[in-house]
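# Commentary on secondary and tertiary structure
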Amino acid sequence: MEGGCTCRNVRYRLTGRPLIVHACHCTWCQRETGTVHALNAMYEAERVAHIAAEPEIVDTPSASGKGQKIARCARCKVAVWSNYPGSGPAVRFVRVGTLDDPSQCPPDVHIFTSSKQPWVTFPPGAKVFAEYYDRREVWPQEAQERWRVLREKMKQK
Ligand SMILES: [Zn+2]
């Protein structure tokens, strides 16, 4: 899968499927996206390759107080992915709306729905969490194995 910013200065290519796709309904994501939720496909950093210009990394305040780093096109400033302090630079949360075909990454889970907009409803069977969730109960086995490998690598650094 490929995607990029609006002016096509930043283009990326993704290897394989995301670990998980989050629809985050927190008020911070609502403000940053200008809409009702963020849609982030979580990938190991090495699976997100830049195939044109490198994005610029912008330090941005976050709900946790620890800040997040948002990768934006240096020209059109569209955000393509971000790092959160919990997982650091090893994990990139790719903004699904920047994919050439966002329909490839529907949400696996809805999080922080305690602050969702009142008119947002969920399809039957959707995984919906008022705040966050336990990875061991939600992620498919293959993604949990990739996560384990990633954590090992992070420890070695
Ligand atoms: Zn651009």
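Residues numbered from 1 in each chain as written. Predicted model: local features only at pLDDT ≥ 70, side-chain atom pairs only at ≥ 80, totals over all residues.

The name given to the protein in an unreviewed UniProt entry is CENP-V/GFA domain-containing protein, and the organism recorded there is Bradyrhizobium macuxiense. Database annotation for the protein, UniProt heading Sequence similarities (unreviewed entry): "Belongs to the Gfa family." (UniProt positions renumbered as here; feature names shortened; annotations may be inferred.)

### Concerning the nonpolar core
Met42, Tyr43, Val80 and Val94 are the most contacted members of the largest nonpolar core, which has 29 residues in total. Of all elements in the fold, only strand S2 (11-14), strand S3 (20-24), strand S4 (38-44), strand S7 (68-72), strand S8 (79-83) and strand S9 (91-95) reach the threshold of two or more residues within this core. Considering every element that reaches this core, the biggest residue donor is S4, with five residues. Val94 has contacts with Leu14, Asn40, Ala41, Tyr43, Val48, Val80 and Trp81, leaving out every residue within four places of it along the chain. (Core = buried A, V, L, I, M, F, W, Y, C linked by C-beta atoms within 7 Å. Buried ≥ 20, exposed ≤ 12 C-beta atoms within 10 Å, placed from the backbone. Helix = DSSP H or I, 4+ residues; strand = E, 2+ residues; numbered from the N terminus. Contact = placed C-beta atoms within 7 Å.)

### Some details on the UniProt feature "domain: CENP-V/GFA" (unreviewed entry) in the protein
In the numbering adopted here, UniProt assigns the feature "domain: CENP-V/GFA" (unreviewed entry) to residues 1-120. Along residues 1-120 one finds 6% helix and 38% strand; the C-alpha atoms at either end are 28 Å apart.

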